[in-house]
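Architecture and fold: a report
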Amino acid sequence: MRHDSVLGTLTVAAVLCIVCSVIVSATAVSLRERQESNKVLEMKRNVLVAAGLFEEGDTVEELFGQVERHLIDLSSGRVVEDGEVDPESYDPRTAAKDPELGVEIDPEKDLAGIKRRGKYAFVYLVRKDEAIEQIILPVYGKGLWSTLYGFLSLRRDGRTVSGITFYEHKETPGLGGEVDNPVWKASWSGKQVRDESGRPILEVLRGSVSAEDPQAFHKIDGLSGATITSRGVQNLIQYWLGSDGFGPYLEQLDR
Ligand SMILES: Cc1cc2nc3c(=O)[nH]c(=O)nc-3n(C[C@H](O)[C@H](O)[C@H](O)COP(=O)(O)O)c2cc1C
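Residues numbered from 1 in each chain as written. Predicted model: local features only at pLDDT ≥ 70, side-chain atom pairs only at ≥ 80, totals over all residues. Heavy atoms only, no water.

1. Observations regarding the pairing of strand 4 (residues 120-128)
Heads up, the rule is: Any residue under 20% of the maximum accessible area for its type is buried, any over 50% is exposed, and the rest in between are partly exposed; the area is computed with a 1.4 Å probe on protein chains only. Only DSSP runs of H or I reaching four residues or more are called helices, and only runs of E reaching two or more are called strands; each is numbered from the N terminus. Two strands are counted as paired when DSSP detects at least two bridges linking them.
For strand 4, the tally of buried residues reaches 7 of 9 residues, placing the bulk of the element in the interior. By the bridge criterion, 7 bridges tie strand 1 (residues 67-73) to strand 4 in an arrangement that is antiparallel. The partner of His70 across the bridge, within strand 4, is Val123. Note: strand 4 against strand 5 (residues 131-142), 5 bridges, orientation antiparallel. Bridge pairing in strand 5 places Val126 opposite Gln134. Two successive antiparallel strands, strand 4 and strand 5, enclose a turn made up of 2 residues, where Asp129 displays a positive phi of approximately 45°.

2. Details of helix 1 (residues 6-50)
Note the following rule: The span you would expect from a helix comes to 1.5 Å times its residue count less one. The seven residues ending at a residue and the seven starting there each receive a fitted axis; the angle between those axes is the bend at that residue. We call two residues contacting when some pair of their heavy atoms lies within 4.5 Å.
A rise of 1.5 Å per residue sets the reference length of helix 1, with its 45 residues, at 66 Å; its end C-alpha atoms lie 61 Å apart and thus fit the reference within 8%. Of all the bends in helix 1, the largest measures some 40° and sits at Arg32. Within helix 1, burial applies to Gly8, Lys44, Asn46, Val47, Leu48 and Ala50. Here the buried face of helix 1 lies against helix 2 (60-64), strand 1, strand 4, strand 5, strand 6 (147-155) and strand 7 (161-168). In the stretch just after helix 1, Gly52 is the one whose phi turns positive, near 70°.

3. What about the nonpolar core?
What counts, and what does not: In plain words, nonpolar cores are sets of buried Ala, Val, Leu, Ile, Met, Phe, Trp, Tyr and Cys residues tied together by side-chain atoms within 4.5 Å.
One finds Leu152, Trp184, Trp188, Ile237, Trp240 and Phe246 to be the most contacted residues of the largest nonpolar core, which totals 38 residues. Contributing elements (two or more residues each) for this core: strand 4, strand 5, strand 6, strand 7, helix 5 (227-241) and helix 6 (247-254). Setting aside residues no more than four positions away along its own chain, Trp184 makes contact with Phe166, Glu178, Val179, Val204, Ile220, Asp221, Leu223 and Val233. With 20 residues, the next largest nonpolar core counts Leu63, Tyr124, Val126 and Ile136 among its residues.

4. Here's the deal with a nonpolar patch on the surface
What counts, and what does not: A patch consists of residues exposed above 30% relative accessible area that lack any salt bridge, with like charges linked at up to 9 Å and nonpolar side chains (Val, Leu, Ile, Met, Phe, Trp, Tyr) linked at up to 5 Å. To be clear on the numbers: accessible area is Shrake-Rupley with a 1.4 Å probe, and residue cover counts the displayed protein chains and nothing else. By definition here, a salt bridge exists when the distance from a side-chain nitrogen of Lys or Arg to a carboxyl oxygen of Asp or Glu is within 4 Å.
Nonpolar side chains collect at one region of the surface, where Val15, Val19 and Ile23 lie side by side and expose about 250 Å² of accessible area between them. Structurally, Ile23 is set in helix 1. Note on Ile23: relative accessible area 51%, which makes it exposed.

5. Some words on the sheet that holds strand 4
This is how the line gets drawn: Between the N-to-C directions of two axes lies an angle of 0 to 180 degrees, each axis being a line fitted to C-alpha atoms and, for a helix, fitted only over the stretch in contact.
The strand order across the open sheet built from 5 strands is 1-4-5-6-7, with neighbouring strands paired in antiparallel fashion. Looking at which strands have only one partner, the edges of the open sheet turn out to be strand 1 and strand 7. The sheet shows a mean angle of 25° between the axes of neighbouring strands, taken without regard to direction. On top of the sheet, helix 1 reaches strand 1, strand 4, strand 5, strand 6 and strand 7; it is set at about 145° to strand 7, its chief contact. The strands touched by helix 5 within the sheet are strand 5, strand 6 and strand 7, with strand 5 carrying the most contacts at an inclination of about 125°.

6. Describing the pattern of salt bridges
Any two side chains of opposite charge can pair, given that their charged atoms come close. Counted according to the given criterion, the structure contains 10 salt bridges. With a closest N to O distance of 3.3 Å, Glu88 and Arg69 form a salt bridge. Of this pair, Glu88 sits in the loop between strand 1 and helix 3 (92-97) while Arg69 is found in strand 1, placing the two residues 19 residues apart along the sequence. Glu88 gets classed as exposed once you look at its relative accessible area, which sits at 66%. Its salt-bridge partner being Asp73, residue Arg78 comes within 3.5 Å of it at the nearest N-O pair. For Arg78, a relative accessible area of 30% corresponds to the partly exposed category. Each of Asp73, Arg78 and Glu84 takes part in one network of salt bridges that share partners.

7. Comments concerning the site of the ligand
Where we set the bar: Working definition: residue near molecule or strand if any one of its non-hydrogen atoms lies within 4 Å of it. Think of a polar contact as two N or O atoms within 3.5 Å of one another; within protein, one of them needs to be a possible hydrogen donor and the other a possible acceptor, and neighboring residues in sequence only count if both atoms come from side chains.
Taken together, Leu144, Trp145, Glu171, Thr172, Leu175, Gly176, Arg206, Gly225, Ala226, Thr227, Ile228 and Thr229 make up the full set of residues near the ligand. Gly176 is positioned with one of its backbone polar atoms (N or O) 3.2 Å from an oxygen atom of the ligand. Contact distances for the ligand include 2.5 Å between an oxygen atom and a side-chain N or O atom of Thr227. Isolated, the ligand exposes 610 Å² of accessible area, and the fraction of that covered by the protein chains is 58%.

Set out below in structure tokens:
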């Protein structure tokens, strides 16, 4: 066969395609394990960030040693018993889509705009001398362009914010993307997100919180030019702190 014939060209192209696809597939398969472990490490880092326990350069695994992870049943708020669900293989995002492990959210209650959620969720606790010091909750919900995923850390009273972080979203940089602004995130610290009876009371305003407002303790400045993202953040926090989210779990901690 001549090298410059049509058949020769097609043969070379076909062989090249097969070789390349084998290389790409082999690389993807061999990296899968590392991708999975990086995903877990990144999740741990974000939990630590929300809890204010992470500084750049710190070793995540070492710091995460002080964090307890529990899988809870959202409807009852109780910690899942051994053998009920395997926490090692439970993935809340996959579970939400699963007919067995997920539930459809009543549209009237679906403040976060997520339609479905897993029956179970992880909570993370940081203790000091046995007593709970921080409760870190995974929260997510719709903004303008995307679903925002984050962690909200509460102090031991289950009402006061210790920290917040969003680790995944596709909001516009400079507008909704300001959810990542460290100054804005710092403004959450000390705010009350649940009242004495456990009802979610957080408001993300359109504009700034007035220093004279006696209710300022449960209000956060809105992100300018990003009212929809701001409203999304308010709604997702309201949802996850409410009776359909972590409300039952937090009530058990209250008692
Ligand atoms: C290119 C572009 C990107 C935008 N990105 C966002 C965004 O990420 N979040 C958001 O709430 N609004 C975003 N907006 C603005 C919204 O369309 C809407 O006008 C705004 O949320 C209203 O808020 P405001 O009353 O604070 O301006 C964007 C607008 C444009 C033109």
